[in-house]
Amino acid sequence: MGYGNTDGGTGSAGGSEPGASDSLRTFGAVVQALREHAGLSREEFGALVGYSKHTIASIEQGRRMPDRDFVQSAEPLLGNTGALRKAAPHLSRQAGLASWFVQWARLETTAISLYTYDCRVIPGLLQTEAYARAISLDVPPLPDPEELEQRIAARLARQELLSIHRKPPTAFSFIVEQSVLERHTGGDDVTRELLDHLIELIEGNWNVEFQVMPMRQPHHAGTDGPILLAETPEHRWFAYSEGQQNGRLISDPKEISILQQRYAKLRSQALSPEDSLSLLKRLRGAL
């Protein structure tokens, strides 16, 4: 599954969304069979292992790579046969997920804090289906129809990460350039739907902070490009940097410190969350 803009908010081949692999589908089918044999609904099972029923559904349908915590928590609840522990090391995503992105993808699913600054596109976690489709078709090479549908479905399924019902819910901070919002990617109808989606999400998810970097800002700490930062449950920080057809996971404390300083500066330079929401509503009203 692609992540954030790193999934190619552009939809480029280097960071495209993978579909379910045979190994993921098989693993999911085993989880579902064992869960049903144990007499547990998805919601009941999710409560016991600390995941939402939607996440359980994603794993059972082969759309989500199970992390180590899931396997360790699920095994004793599903008969303690050892089947999940033995199968987990052999799981793989379908071709299409860039090799350099796999580690970040795993980090994001368990992160307790995720910070994203982007000057190119709306981050993947905030995209609508129509917006995701538009940017996927804008950047060559064009995906074939099946790949396109897999990419969009996986990106939308990933938005489960935003849920306030996750345990614990992830704290999100997004900073997006005003120019990205005013580009009208996909046309006015797509932009109208996107703005409605952003407004609803910001007002309904207390774990999501959204700020707009105004068009006119003489002092700007983000001129070197997008920034992605993730904090693990063990309070370690990682970062991710992506360019054209390449990406890099960053674990060096010195590099991360620099990016954290820049992100902190961006937060002070962007509009406040309240003013950002007001701007979104004004942009929506103008359409």
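Residues numbered from 1 in each chain as written. Predicted model: local features only at pLDDT ≥ 70, side-chain atom pairs only at ≥ 80, totals over all residues. Heavy atoms only, no water.

**With respect to the overall build of the protein**
The criterion, for reference: In DSSP terms, a helix is any run of H or I states spanning at least four residues, a strand is any run of E spanning at least two, and both are numbered starting from the N terminus. Relative accessibility under 20% of the residue-type maximum defines a buried residue, over 50% an exposed one, and the middle range a partly exposed one, all with a 1.4 Å probe and only protein chains included. We call two residues in contact when some of their heavy atoms are within 4.5 Å. All accessible-area figures derive from a Shrake-Rupley calculation using a 1.4 Å probe, and residue coverage is judged against the displayed protein chains alone.
Within the protein one finds 12 helices and 6 strands. In the protein, buried positions account for 50% of the 287 residues. For the protein, restricting intrachain contacts to residue pairs at least 6 apart in sequence, the fraction spanning at least 24 positions comes to 76%. A total of about 13300 Å² of accessible surface is found on the protein, and carbon and sulfur atoms cover 52% of it.

**Description of the pairing of strand E2 (residues 171-177)**
Which entries qualify depends on this criterion: What makes two strands pair is DSSP finding at least two bridges between them.
With 6 of 7 residues buried, E2 is to be regarded as a mostly interior element. In the sheet, strand E1 (residues 113-118) pairs with E2 via 6 bridges, with the strands oriented parallel. Looking across to E2, one finds that Ser113 is bridged to Ala171. Relative to strand E3 (residues 208-213), E2 runs parallel, the two sharing 6 bridges. Within E3, the position partnered with Val176 by the bridge is Val212.

**Considerations on helix H12 (residues 273-285)**
Worth spelling out the cut-off: To estimate the expected span of a helix, count its residues, drop one, and scale the result by 1.5 Å. Starting at the helix axis, one direction is taken to each C-beta atom, and the arc is that of these directions.
When the terminal C-alpha atoms of H12 are compared, their 18 Å separation across 13 residues agrees well with the 18 Å that a helix rising 1.5 Å per residue should span. Here H12 has its buried residues at Ser276, Leu277, Leu279, Leu280 and Leu283. Projected onto a plane normal to the axis of H12, the buried residues spread over an arc of 160° and lie on a single side. Exposed positions of H12 whose direction lies more than 90 degrees from the buried face are Glu274, Arg282 and Gly285. Looking at the buried positions of H12, the neighbouring elements they touch are helix H9 (178-181), helix H10 (188-204) and E3.

**Quick look at the sheet that holds strand E4 (residues 227-231)**
What counts is decided by this rule: Axis definition: a line fitted to C-alpha atoms, limited for helices to the stretch in contact. Angles are taken between N-to-C directions and run from 0 to 180 degrees.
Strand order in this open sheet of 6 strands is E3-E2-E1-E4-E5-E6, and the pairing throughout is mixed. The open sheet is flanked by E3 and strand E6 (246-250), the only strands paired with a single partner. Within the sheet, the average angular offset between the axes of one strand and its neighbour, ignoring direction, is 10°. Sheet analysis places E1 next to E4, joined by 5 bridges and oriented antiparallel. Looking across to E4, one finds that Tyr117 is bridged to Ile227. Across the face of the sheet, helix H11 (residues 253-269) comes into contact with E1, E2, E3, E4, strand E5 (237-243) and E6 while running at roughly 110° to E4.

**Things to note about the confidence of the model for the protein**
Applicable threshold: pLDDT is defined as a per-residue confidence score from the predictor, taking values between 0 and 100.
Considering every residue of the protein, the mean pLDDT works out to 85; 88% of them sit at 70 or more. Across residues 1-19, where pLDDT falls below 50, the model places 85 contacts with residues more than four positions away in sequence or in other chains. Counted against residues more than four places away or in other chains, residues 94-98, with its pLDDT under 50, gives 13 contacts.

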